[in-house]
Amino acid sequence: MVLLVQKLARPFKFPSRLENRHRSSGDPLCNFRSKISGFINQTWSKPESGRPEKFLSRTGFDKCFELIQTTNRAFAKLVVEIDLPVSRWSGKLTERYLSHTLISLDILNAVSSSVSHLNQAKISVSHAVSSSANHLKKIAGENQCKNFKPESPSSSSIRFQERPGFENEESAVFQALVLSEKIGFMALGFVLSGFCGGDAKKTYVEIRKLAGGFDDSLIKDLDFRFCQEIQGNTIVMEEVRQVNRAIEEISVEELKIRLNELENLIESVEKQANHLFSEILAARNKLLDNLRLSTGHN
């Protein structure tokens, strides 16, 4: 998947001469990869305790959304440094961006739906606690992801105008776009899998297929570590696990604390997923509007 910048605004305008003078030194593609590598190493470094942090937790999900935003900013900076704004992209590059962002919207819709289901389960437990019910039912891993299988979109009906003369610049931007796509798919795959219970592995495999694998050296280790975490038959995010443990121990006060933590997770993921969805949609619409103007489509 992948999303350009915060609102993909900067790539749509030509950089000014003043901006060009202040570009970062070095190879833009190397700078792009270095920025992402630095974030991953700092954020997902293995703790001294030897016990890796959970991917399937609020902290883990927050890191996933932050990774996407970091990648978007790095990609936008690369486009400016190379001086190849969206208005000069070839049909191949534009089609690729439109394709992967459409899949991203599909995944985010699935995330939002999963968050809604988990929220309903939390409300049921909270109601049982407040009404002093004798029997509390654990929150089960959601199985609504079992039918999740996003498909690669068909080609756009818009006729793209090829723009010769920018082959070298295009190559660098295309490589960065492909990596951004993989990172975005992987990060959202982590988040969505956390809401899929027993279908987590299947869901993640489907997303990995869409991305063409996560074998780039920047993200290969993260992919491996996540796959280790979702081994086994019981795959539950940390906050749900804590709620269920409190139910087992019949500890009402502890359960209230854990339910509050789960509510915070739900609100956080919902807010970030909605923000990202709006961001991608706005960028796509702006790009499509520019394409229609340039090709004479109404």
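Keep in mind that this is a model prediction, so the values were computed, not measured. (Residues numbered from 1 in each chain as written. Predicted model: local features only at pLDDT ≥ 70, side-chain atom pairs only at ≥ 80, totals over all residues. Heavy atoms only, no water.)

Colleague: Is there a simple way to think about the overall build of the protein chain in this case?
Modeller: Within the protein chain one finds 9 helices and 0 strands. When the helices and strands of the protein chain are placed in sequence order, the string is α-α-α-α-α-α-α-α-α. Out of the 298 residues belonging to the protein chain, those deemed buried represent 49%. (Helix = DSSP H or I, 4+ residues; strand = E, 2+ residues; numbered from the N terminus. Buried < 20%, exposed > 50% of the residue type's maximum accessible area, 1.4 Å probe, protein only.)

Colleague: Even after reading the chapter, I still don't get the pattern of salt bridges, so can you show me in this structure?
Modeller: Where charged atoms from two side chains of opposite charge approach closely, those side chains can pair. A complete count under the given rule lists 11 salt bridges for this structure. With a closest N to O distance of 3.6 Å, D62 and R58 form a salt bridge. Of this pair, D62 and R58 both sit in helix α3 (residues 58-82), separated by 4 residues, roughly a single helical turn. Residue classification places D62 among the partly exposed positions, given a relative accessible area of 24%. Taking relative accessible area as the criterion, R58 reaches 34% and is therefore assigned partly exposed. (Salt bridge = Lys/Arg side-chain N within 4 Å of Asp/Glu carboxyl O.)

Colleague: What should I look at first to understand the packing of aromatic side chains in this one?
Modeller: Any aromatic ring pair is given by two values, namely how distant the centres are and how the planes are angled relative to each other. Tallied over the full model, the rule gives 12 aromatic pairs. Their ring planes at 85° and their centres at 6.4 Å tell us that F39 and W44 sit as a pair that is edge-to-face. On the basis of an interplanar angle of 80° and a centroid distance of 6.3 Å, the ring pair of F75 and W89 is categorised as edge-to-face. With F75 in helix α3 and W89 in the loop between α3 and α4 (91-130), this residue pair connects regions lying 14 residues apart in the sequence. For the residue pair F75 and W89, the accessibility class agrees, reading buried in each case. (Phe/Tyr/Trp six-rings, centres within 6.5 Å; stacked < 30°, edge-to-face > 60°.)

Colleague: Even after reading the chapter, I still don't get unusual backbone geometry, so can you show me in this structure?
Modeller: Leave glycine aside and you will find that most residues have negative phi; peptide bonds, for their part, are mostly trans. Its identity as a non-glycine residue notwithstanding, D83 has a phi of 65°, on the positive side. Relative to the elements of secondary structure, D83 occurs in the loop between α3 and α4. Judged by its relative accessible area of 23%, D83 falls in the partly exposed class. Despite not being glycine, I250 has its phi angle at roughly 50°, a positive value. Mapping I250 onto the fold places it in the loop between α8 (238-248) and α9 (252-295).

Colleague: Just to check I follow, could you spell out the environment of E169 for this structure?
Modeller: Tracing the sequence through the fold places E169 in helix α5 (residues 167-194). Excluding its chain neighbours within four sequence positions, the residues that come into contact with E169 are I82 and L84. (Contact = heavy atoms within 4.5 Å.)

Colleague: Even after reading the chapter, I still don't get the confidence of the model for the protein chain, so can you show me in this structure?
Modeller: Do not read the fine detail of predicted coordinates wherever pLDDT is low. Per-residue pLDDT for the protein chain has a mean of 83; in total, 80% of the residues score no lower than 70. When the criterion is pLDDT under 50, residues 1-24 qualifies, and its contacts beyond four places in sequence or with other chains add up to 70 contacts. Ignoring residues within four places in sequence, the model shows residues 155-162, a span with pLDDT below 50, making 19 contacts including any to other chains. (pLDDT = per-residue confidence, 0-100.)

Colleague: What exactly am I supposed to notice about the packing of helix α2 (residues 28-43) against α3 here?
Modeller: Packed helix pairs are characterised by how far apart their axes lie and by the angle those axes make with each other. Running from N to C, α2 and α3 cross one another at 165°; their axes reach a closest spacing of 9 Å. With respect to their mutual orientation, α2 and α3 come out roughly antiparallel. Our pair here, α2 against α3, has a crossing hand that is right-handed. Here P28, L29, N31, F32, K35, I36, F39, I40 and T43 of α2 come into contact with α3, specifically with K63, E66, L67, T70, T71, A74, F75, L78, E81 and I82. (Axes fitted to C-alpha atoms, helices over the stretch in contact; angles between N-to-C directions. Parallel < 35°, antiparallel > 145°, perpendicular 65-115°, else oblique. Left-handed = near helix turned anticlockwise from the far one by under 90°.)

Colleague: What exactly am I supposed to notice about the environment of K271 here?
Modeller: You can see K271 is positioned in helix α9. Put simply, K271 and S112 are 159 residues apart on the chain and 9.5 Å apart in space, counted from C-alpha to C-alpha.

Colleague: Is there a simple way to think about α4 in this case?
Modeller: A turn of α-helix holds 3.6 residues, and therefore any two residues three or four places apart point the same way. For α4, spanning 40 residues, the distance from its first C-alpha to its last is 58 Å, which sits close to the expected 58 Å at 1.5 Å a residue. Just downstream of α4, S132 is the residue with a positive phi angle, here 55°. (Expected span 1.5 Å × (residues − 1).)

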